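Structure at a glance
What follows is each chain in one-letter form.
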Amino acid sequence: MRSLWVEYRRTKDKQLRDRLILTYAPLVKYVAGRLGSGLPAHVDDDDLVSYGLLGLIGAIERFDPDRGIKFETYALGRIKGAIIDELRSLDWVPRSVRARAREIERAIAELESKLGRAPTDEEIAAKLGVSEEDFAEDLTEISRTSIAALDELWTVSAGGDQVALLDTIEDPSGPSPTTALDETELKEAMADAIARLPEREKLVVTLYYYEELTLREIGEVLGVTESRVSQLHTKAILRLKARLSG
């Protein structure tokens, strides 16, 4: 495989590129499947794969085997980024959902600052001026459009740079030198914020991002429905974002 990469880097031959695309195409299916697991039904899986293929091709064209990192590691972030960029360009997340997510995030941040602990659902709902049932519906609505934690909703600031929350967890390709320190500090803050999550939310984050279980599988572990796992995931991400942004 190394010789194929070296030859492609030297010649940029299209046939060699096509061989590399075929070899690594399963990466695209993997990333598309992960991102698509909780997206709205109208987002077609085949579209996600086609967006991801563009990311794979870009990764192949830019990859330098002399850097000493595995191509798979390098490509995963590019594939995911290509899918997210395309979804963002389609503006499929309604503005009202974005606004409600930010409103909940602010409420959580203010309550945490005041209480010195993670607020309960009842406390968050009261802060928002809604019933717990309406708060749960808000979480469901947000989770329908954003289970992939698309960077648009879950991006936090680190030293002036915008860093995707998922990338601080998954770290698919490593930070660039200019953001290495910022990301290191952010990851430390992330680890602390995750440790302070309520137990069930912490478990959902751990199983989804680190153990790579699907929402359905997590539901089986916890003995709850997939939609309830979606709510727990969304609430956890909003808490993390509130803490990191603060």
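Residues numbered from 1 in each chain as written. Predicted model: local features only at pLDDT ≥ 70, side-chain atom pairs only at ≥ 80, totals over all residues. Heavy atoms only, no water.

**Focus on the overall build of the chain**
Scanning the chain from N- to C-terminus turns up 13 helices and two strands. Going through the 246 residues of the chain one by one, you find that 46% of them count as buried. Looking at the chain alone, contacts between residues at least 24 apart form 65% of all its contacts between residues at least 6 apart. Of the roughly 12,400 Å² of accessible surface on the chain, a fraction of 49% belongs to carbon and sulfur atoms. (Helix = DSSP H or I, 4+ residues; strand = E, 2+ residues; numbered from the N terminus. Buried < 20%, exposed > 50% of the residue type's maximum accessible area, 1.4 Å probe, protein only. Contact = heavy atoms within 4.5 Å. Areas by Shrake-Rupley, 256 points an atom, 1.4 Å probe, with all protein chains shown as cover.)

**Looking at the packing of helix α1 (residues 2–11) against helix α3 (residues 45–62)**
One can describe the packing of α1 onto α3 by two numbers: an axis separation of 9 Å at closest approach and a directional angle of 80°. Judged on the interaxial angle alone, α3 and α1 are roughly perpendicular. Contacts between α1 and α3 involve Trp 5, Tyr 8 and Arg 9 from the former and Ile 60, Glu 61 and Arg 62 from the latter. (Axes fitted to C-alpha atoms, helices over the stretch in contact; angles between N-to-C directions. Parallel < 35°, antiparallel > 145°, perpendicular 65-115°, else oblique.)

**Observations regarding the pattern of salt bridges**
Taken as a whole and judged by the stated rule, the model has 17 salt bridges. Here Lys 127 ties to Glu 110 by a salt bridge, and the two come within 2.9 Å at their closest N and O atoms. Remark: Glu 110 occurs in helix α5 (residues 95–115) and Lys 127 occurs in helix α6 (residues 121–128); sequence separation between them is 17 residues. (Salt bridge = Lys/Arg side-chain N within 4 Å of Asp/Glu carboxyl O.)

**Digging into a negative patch on the surface**
On the surface, Glu 122, Glu 132, Glu 133, Asp 134 and Glu 137 cluster together into a patch of negative charge. Ranked by residue count, the leading element in the negative patch is helix α7 (residues 132–146), at four residues. On the basis of relative accessible area, Glu 122 is assigned to the exposed category, the value being 55%. (Patch = residues over 30% accessible without salt bridge, like charges linked within 9 Å, V, L, I, M, F, W, Y side chains within 5 Å. Lys, Arg positive; Asp, Glu negative; His and termini not counted. Charge placed at Lys NZ, Arg CZ, Asp CG, Glu CD.)

**Looking at the nonpolar core**
Formed by 26 residues in total, the largest nonpolar core has its most connected members in Trp 5, Leu 56, Ile 60, Phe 71, Ile 79 and Ile 83. At the level of secondary structure, the elements contributing two or more residues to this core comprise α1, α2 (14–36), α3 and α4 (71–89). Examining the composition of this core, we find that nine residues originate from one element, α2, more than from any other. When sequence neighbours within four positions are dropped, the list of residues in contact with Ile 60 reads Trp 5, Tyr 8, Arg 17, Leu 20, Ile 21 and Phe 71. Val 204, Val 229, Ala 236 and Ile 237 belong to the second-largest nonpolar core, a separate cluster that totals 18 residues. (Core = buried A, V, L, I, M, F, W, Y, C linked by side-chain atoms within 4.5 Å.)

**Digging into the confidence of the model for the chain**
Of all residues in the chain, 79% attain a pLDDT of 70 or more, and the chain-wide mean is 80. No element of the chain has a lower mean pLDDT than helix α8 (residues 151–154), at 41, and none a higher one than α6, at 96. Across residues 147–164, where pLDDT falls below 50, the model places 57 contacts with residues more than four positions away in sequence or in other chains. Confidence drops under a pLDDT of 50 for residues 168–179, and excluding neighbours within four residues, the segment shows 24 contacts in the predicted structure. (pLDDT = per-residue confidence, 0-100.)

**Observations regarding the environment of Ala 189**
Residue position: Ala 189 is located in helix α10 (residues 180–195). Separated by 55 residues in sequence, Ala 189 and Leu 244 have C-alpha atoms that sit 6.9 Å apart.

**So, the packing of aromatic side chains**
Centre distance and the angle of the planes are the two values used to describe a pair of aromatic rings. Going through the model one piece at a time under the given rule, you end up with seven aromatic pairs. Ring geometry for Trp 5 versus Phe 71: centroids 4.8 Å apart, planes at 45°, classification tilted. Residue Trp 5 is found in helix α1, and its partner Phe 71 is found in helix α4; the two are separated by 66 residues along the sequence. Phe 71 shares its class with Trp 5; the two are buried. Of the aromatic side chains, those joined through ring pairs into one cluster are Trp 5, Tyr 24, Phe 63, Phe 71 and Tyr 74. (Phe/Tyr/Trp six-rings, centres within 6.5 Å; stacked < 30°, edge-to-face > 60°.)

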